[in-house]
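Notes for the structure review
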Amino acid sequence: MIEFQHVSFGYEKNRQVLRDLSFRIERGEAVGLVGPNGAGKSSVMKLLLGLLEGEGQILVDGLPVRRDTLPEIRRKLGFVLQSSDNQMFMPTVYEDMIFAPLNYKLSREEAEARVDEVLARLGLEELKHRYNHKISGGEKRMAAIATILAMKPEAILMDEPSSALDPYNRRVIINTICTLPQTKLIASHDLDMILDTCERVILLSEGHIIADGPAEKLLQDRALLEANRLELPLSLVGRTPRNAAE
Amino acid sequence: MQKAMHELAEMDELAMRSSPIHELHPLAKLITTIIYILITLSYDKYNLSGLVPMLLWPILLFTISGIEVRICFYKLRIVLPLVMAVGLFNPFFDRAIMLRIGPLAVSGGVFSMLTLMIKGLYCLMASFLLMATTPIDSLCAALRQLHVPKILVTLLLLTYRYVGVMTEELAVMTDAYLLRAPGQKGIHISAWGSFLGQLLLRSMDRAQELYAAMLLRGYNQQFHYAEARPFRIRDALYLLGCILFFLLLRTVKVAQLLGGMLVR
């Protein structure tokens, strides 16, 4: 479904963020993209969406990411931004959700039916006519996911979906992600969330793929994680940080 | 700053309320407002008595829409004094006496100043009423129906949306500044340059991310402003009724007529 072939990218000429990156994600896979700050996780997503241009080739469903293929590629990929405030730019949740279906030439009736269907699936009917500036952070994150699902994308990319959420809302988001049947690529520092939602993990550091393998196995490798400024997920440590300190 | 953000959002909420005026077709409301403004501006600079009855229309709209007049004046509190100041110098330039009330002589300059102030006030009230009873995207849809170029309409809509983004950034920066500048009122002049520069950069960053969010959801320089609503008989009657009402106020000297009736 998604393929990176020798992709390199840098914001400045002599400072590469991604170096010769190659990997492949199959349809229906849920992949976690982990790594320290500045590892290039967000750049991978932006390159995939054509928001940045790098060297090498990126394929989505066999289609190369190029200027002329972007509309088709972006229709296949839904991107949940890290900041829901930036994702939700219309006054109400409903208007935000109907934005993409109308752009994709659905009639207003069809678009509205799709909005209702997604809201019902996520149990968010109550949010439909709420103002974006009046809903909580957790509700806004759920609404942001709903706006993407209303596009009916084939794959969903998420940048730090659990950041700045309280434990309850974080759990709601995790449960929601687990129910999504689409191909998923999730960039996050929240390794517990990655463990709960992804079967495979790609560990990036300084623009390289350091490791790529099953989440259960890779996220238990304390030495590997610590060498890359990460920590074992708390659920695998089996004790609270307070105990750990003792 | 938080207040300014809240006020912006409040306009959206006002526009989403329900009333017979809110439910009218945006195009009918837009055309009516434009005609009202044009007719108001067409009054002679000394025709104060003719202008006064034009207040009837905003009063009617305030009453039917259920929007409180105080909200209007509160929202216009910054721009209103500027509009009022437009004719302030007229009494100094136009000193010809036009009316004597006992010992009091009223010059043409005073009349023209009052006329200008009232015209400004009416135009602002009419614009406010349009904004407060019509969501911005419906308004943009109406502008497109009037064949206003797409680029201008999109510019208007995005400006309206991005004003909020800039205000939010300004709020965050002002809070961060004031928390580290105890006892200081506002931003010190020495920090204005870097403050404005940072504000611009941050706003641009956010605007770019917002734009990316739009692009990734299929935005192709075309907004689907609002649900296409049929132009019903009710809308046509409102439009026609308003135009006739304005023409009546413009052609018949209502103030004199009422005054004459009272004297009789």
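Residues numbered from 1 in each chain as written. Chains lettered and ligands numbered in written order. Predicted model: local features only at pLDDT ≥ 70, side-chain atom pairs only at ≥ 80, totals over all residues. Heavy atoms only, no water.

**Re the interface of chain B and chain A**
Interface size is commonly expressed as the accessible surface area that is lost when the partners come together. Counting residues at the interface gives 23 residues for chain B and 27 residues for chain A. Where chain B abuts chain A, roughly 2,400 Å² becomes buried across the two surfaces, and 58% of that area is made up of carbon and sulfur atoms. Counting the surface chain B buries against chain A, the share from its top three residues, Leu216(B), Arg217(B) and His224(B), is 34%. For the pair chain B and chain A, the number of links is 2 salt bridges. The interface formed by chain B and chain A holds 7 residue pairs in polar contact (both at pLDDT 80 or more) in total. At the level of secondary structure, the elements contributing two or more residues to the side of chain B that touches chain A comprise α1 (2-15) and α11 (192-215) of chain B. When residues in the side of chain B that touches chain A are grouped by element, the largest group, 7 residues, is from α11(B). Class assignment of the residues belonging to the side of chain B that touches chain A gives a composition of 11 nonpolar, 4 polar and 8 charged. (Contact = heavy atoms within 4.5 Å. Buried area = accessible area lost by both parts, 1.4 Å probe. Salt bridge = Lys/Arg side-chain N within 4 Å of Asp/Glu carboxyl O. Polar contact = N/O pair within 3.5 Å; in protein donor to acceptor, adjacent residues only side chain to side chain. Helix = DSSP H or I, 4+ residues; strand = E, 2+ residues; numbered from the N terminus. Nonpolar A, V, L, I, M, F, W, Y, C, P; charged D, E, K, R; others polar.)

**Notes on the confidence of the model for chain A**
Put simply, chain A has an average pLDDT of 91, and 96% of its residues get 70 or more. Highest mean pLDDT in chain A belongs to strand β3 (residues 30-34) of chain A (97); lowest belongs to helix α12 (residues 241-245) of chain A (49). (pLDDT = per-residue confidence, 0-100.)

**Some remarks on the pairing of strand β2 (residues 104-107) of chain B**
Residue and element names in this part refer to chain B. Two strands pair when backbone bridges link them, and strand β1 (residues 97-101) and β2 are joined in this way by 4 bridges, in the antiparallel orientation. When the sheet's bridge partners are listed, isoleucine 97 is paired in β2 with serine 107. In sequence, β1 turns back onto β2 through a hairpin of 2 residues, with glycine 102 there showing a positive phi of about 60 degrees. (Pairing = 2+ DSSP bridges.)

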